[in-house]
Amino acid sequence: MTDPRFPVLTQKQISTLKEFGTIITFDKETVLFQVGDSDYDFYVVLDGEINMRDPHDDNRVLATHMINEFTGDSSMLSNRSIPFSAYASQGASVLRIKPEVLKGIISKHSGISDVLLSAFLLRQEVMLKELSGGVKVIGTEKSKETYGLRDFMDKNHIWHSFLNIDESIAAKELLVSFNLNYADLPILISMSGEIYKNPTIAELARLTGVLMEFEDTIYDVLVVGAGPSGLAASVYAASEGLSVVTIDGNAPGGQAGKSTKIENYLGFPTGISGHDLANKAYLQAQKFGCTISIPHKAEKVEYNGEYFTLCASNEKHIKAKSLIAATGANYRRLPVEGIERFEGSGVFYSATGMNASACKNELVGVVGGGNSAGQAALFLADHAAEVHVIIRGDDLGDKMSDYLVQRIYSSPNIIVHKNSNVVQLNGAHHLQYLVLDTNGKTQIIGITNLFTFIGAKPCTEWLHGIVSMDDRGFIHTGVDVMEAAMTTCSIFEQRKPQSLEGSIPGFFAVGDVRKGSVKRVASAVGEGSMAISQVHQYLAELKMSRLEQ
Ligand SMILES: Cc1cc2nc3c(=O)[nH]c(=O)nc-3n(C[C@H](O)[C@H](O)[C@H](O)COP(=O)(O)OP(=O)(O)OC[C@H]3O[C@@H](n4cnc5c(N)ncnc54)[C@H](O)[C@@H]3O)c2cc1C
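Below you will find a few notes about this structure. (Residues numbered from 1 in each chain as written. Predicted model: local features only at pLDDT ≥ 70, side-chain atom pairs only at ≥ 80, totals over all residues. Heavy atoms only, no water.)

A word on the site of the ligand. Taken together, 35 residues lie around the ligand, and Ser-229, Asp-248, Gln-255, Asn-264 and Ala-298 are the ones closest in. Take Ala-298: an N or O atom from its main chain is 2.7 Å from a nitrogen atom of the ligand. Alone, the ligand offers 1,000 Å² of accessible surface; in the complex the protein occludes 93% of this. Secondary-structure elements contributing two or more residues to the shell around the ligand are helix H7 (228-239), strand S18 (329-331), helix H11 (371-381) and helix H14 (521-548). In the shell around the ligand, the residues fall into 14 nonpolar, 15 polar and six charged. (Near = heavy atom within 4 Å. Polar contact = N/O pair within 3.5 Å; in protein donor to acceptor, adjacent residues only side chain to side chain. Areas by Shrake-Rupley, 256 points an atom, 1.4 Å probe, with all protein chains shown as cover. Helix = DSSP H or I, 4+ residues; strand = E, 2+ residues; numbered from the N terminus. Nonpolar A, V, L, I, M, F, W, Y, C, P; charged D, E, K, R; others polar.)

Now the structure itself:
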């Protein structure tokens, strides 16, 4: 059986591709691209072979592309840097296609796109899950800063490896060989070998190409937030020919990306992890030409009657004729003194594979009684010694789906604490134990990792005073927008806001951030897709009103 990562193109597909590229023959072994390159070409082997090598491992050959096979991975659709080097063998003949041209082919030729994207996704999956390498992080398991870097790479699907200085001799040797010391930790070594001492997330994002440079133009639509609703809006906007840019303050996938297994999303009978769903949607949006840049946190937005100007972190100002707010919601902090000190070093707002390995044989706490808490508890129970689920009320089934409640009660290492509150967190640097109050009685539990999933609040700080919202900060749309809150303009003199439109024409809100939304992946995806038809209507009106002036 052939390896699905290395499919063979048909002669018909190669003939189509030949219209877009150039054929080159090499008289000696030649480097086609090198590890760390962010703008590299796509190659189809017509004769001879191309070897993919890992320069950080004595140029070990990782894969050999034979006749009618092709190079590339999912970073070809973004600006991310390539983690390997490629060498054409002596006498090899290849078809070379520029990355920008390849993106055009992928969005227009579905047969070719299917073969390429399936292979790209599989190659990325194998690389992330099975190969060690990529960006190196040297630090300690319990450091907040190290956790921040690893968490960002994990959520953004950046190939990396972690060298724990407390355990790894190789990490200690690297420190000595680069003349560095413990005060410089965490240290990051990029794929092309540059060293960064205690880098910021922005530096990391820039060097891996997740943070992108993009044109300073007026886009048709700007999507703020790359959770399910924002990614759905991005896919539909880009596939329907609108110029679209999407930003997120953290990572694609939003809350769904934190879900270890989504079991109620249509079409996935055995469930899908939020991580995988987010990765596929991220690639799908890029396939149609959407630019996605991370991390940019929206800070302020202005509207001048013609277009929106958004100010975001990392010095980004983006202009767009329409704007979709898809910033969802975040979990609230537990009201426990000094909790900020432990965030990233014992207190977490999501439970990912990375957290799971840190919880091995430890006592873990999960606060909250919703489905997200239930999923996290079950996932962590496979790794931790004990999982303590902590709820304020006395009925786990109050807010949690029955299937999760049943599974929790039948798990031998999950303990449910009802009528309970965490009242104290303790530890020198990392959480070491907590104090739990149950009906007025306190007890100390040696919980070292606490996951909290309580009371989601909408991420709308960047919109205060700009659009109409309810008193909890959820955005009003459609019939919820009061007459008095509507921006005075010719469009709202002719009609009322569309169902997903807010108090400014051309401003839309989708998913969990919208007042009255259902707070599910499927509804968020539905709203994101639906918003684009309303954007089309608005853009047509905008065009008309300009013609009339
Ligand atoms: C652990 C967990 C498990 C879940 N399981 C399920 C399930 O099994 N089934 C189900 O249907 N639903 C589930 N949900 C709910 C579901 O994930 C949400 O309803 C859905 O993700 C909402 O999508 P959204 O795009 O509206 O918002 P979000 O998913 O919240 O995404 C918002 C995005 O906006 C970004 N953002 C926020 N503020 C800014 C800013 N100022 N600037 C730029 N970007 C910003 C965030 O980083 C985030 O990526 C779960 C939720 C959680 C937390």
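Back to the write-up after that little detour.
Moving on: the sheet that holds strand S25 (residues 441-445). Across a sheet, paired strands are connected by hydrogen bonds in the backbone, their directions being either parallel or antiparallel. An order of S23-S24-S25 is seen for the three strands of this open sheet, with the pairing classed as antiparallel. Sheet topology places strand S23 (420-426) and S25 at the edges, where each strand pairs with a single neighbour. Ignoring strand direction, the axes of neighbouring strands in this sheet form an average angle of 25°. Here strand S24 (residues 433-438) pairs with S25 via five bridges, running antiparallel. In the sheet register, Leu-434 faces S25, and the bridge partner there is Ile-445. (Pairing = 2+ DSSP bridges. Axes fitted to C-alpha atoms, helices over the stretch in contact; angles between N-to-C directions.)

Here the focus is the packing of helix H1 (residues 11-18) against helix H3 (residues 110-130). In the contact formed by H1 and H3, the axes pass within 10 Å of each other and the chain directions differ by 105°. Between H1 and H3, the interaxial angle falls into the category roughly perpendicular. On H3, the residues that touch Gln-13, Thr-16 and Leu-17 of H1 are Gly-111, Ile-112 and Val-115. Residues that form the contact of H1 with H3 fall into these classes: three nonpolar, three polar and no charged. (Parallel < 35°, antiparallel > 145°, perpendicular 65-115°, else oblique. Contact = heavy atoms within 4.5 Å.)

Along H1, the residues classified as buried are Gln-13, Ile-14, Thr-16 and Leu-17. Angular distribution of buried residues about the axis of H1 spans 160°; they occupy a single face of the element. Away from its buried face, by an angle of more than 90 degrees, H1 presents the exposed residues Gln-11 and Lys-12. Looking at the buried positions of H1, the neighbouring elements they touch are strand S3 (42-47), strand S7 (93-97), helix H2 (99-108) and H3. (Buried < 20%, exposed > 50% of the residue type's maximum accessible area, 1.4 Å probe, protein only. Arc of directions from axis to C-beta.)

All right, on to the pattern of salt bridges then. Following the criterion strictly, the structure yields 18 salt bridges and no others. The closest approach of N and O atoms between Arg-5 and Asp-3, which form a salt bridge, is 2.7 Å. Residue classification places Asp-3 among the partly exposed residues on the basis of a relative accessible area of 30%. Between Glu-100 and Lys-103 there is a salt bridge, and its shortest N-O distance comes to 3.3 Å. (Salt bridge = Lys/Arg side-chain N within 4 Å of Asp/Glu carboxyl O.)

With that out of the way, let us pick up H11. In terms of burial, H11 is largely enclosed, as ten of its eleven residues are buried. Of all the residues in H11, the buried ones are Asn-371, Ala-373, Gly-374, Gln-375, Ala-376, Ala-377, Leu-378, Phe-379, Leu-380 and Ala-381.

Another aspect to go through is the environment of Leu-9. Position of Leu-9 among the secondary structure elements: in the segment before H1. Taking the C-alpha atoms as reference points, Leu-9 and Gln-498, 489 residues apart in sequence, are found 46 Å from one another. Apart from the residues within four sequence positions on either side, Leu-9 is in contact with Ile-14, Leu-17, Val-44, Asn-68, Phe-70, Val-115 and Leu-116.

Let's shift gears to the sheet that holds strand S5 (residues 60-65). The strand order across the open sheet formed by four strands is S2-S6-S4-S5, and the pairing between neighbours is antiparallel. Two strands lie at the open edges of the sheet, namely strand S2 (30-33) and S5, each paired on one side alone. Taking each pair of neighbouring strands and ignoring which way they run, the sheet shows an average axis angle of 35°. Of the pairings in the sheet, the one linking S2 to strand S6 (residues 85-88) comprises three bridges and is antiparallel in character. Bridge pairing in S6 links Val-31 to Tyr-87.

For strand S21 (residues 386-390), the buried fraction is high: four of the five residues fall into the buried class. As paired elements, strand S20 (residues 363-367) and S21 share five bridges and run parallel to each other. Across the sheet, Val-364 pairs through a bridge with Val-387, a residue of S21. Once the chain exits S20 it traverses H11 before rejoining the sheet at S21, and the crossover so formed is right-handed. Here S21 pairs with strand S22 (residues 414-417) via four bridges, running parallel. Along S22, the bridge assignment pairs Val-387 with Ile-414. For the crossover that starts at S21, traverses helix H12 (residues 402-409) and ends in the parallel S22, the hand is right-handed. (Right-handed = clockwise from strand over helix to strand, strands pointing away.)

Just distances and angles here, no functional claims.
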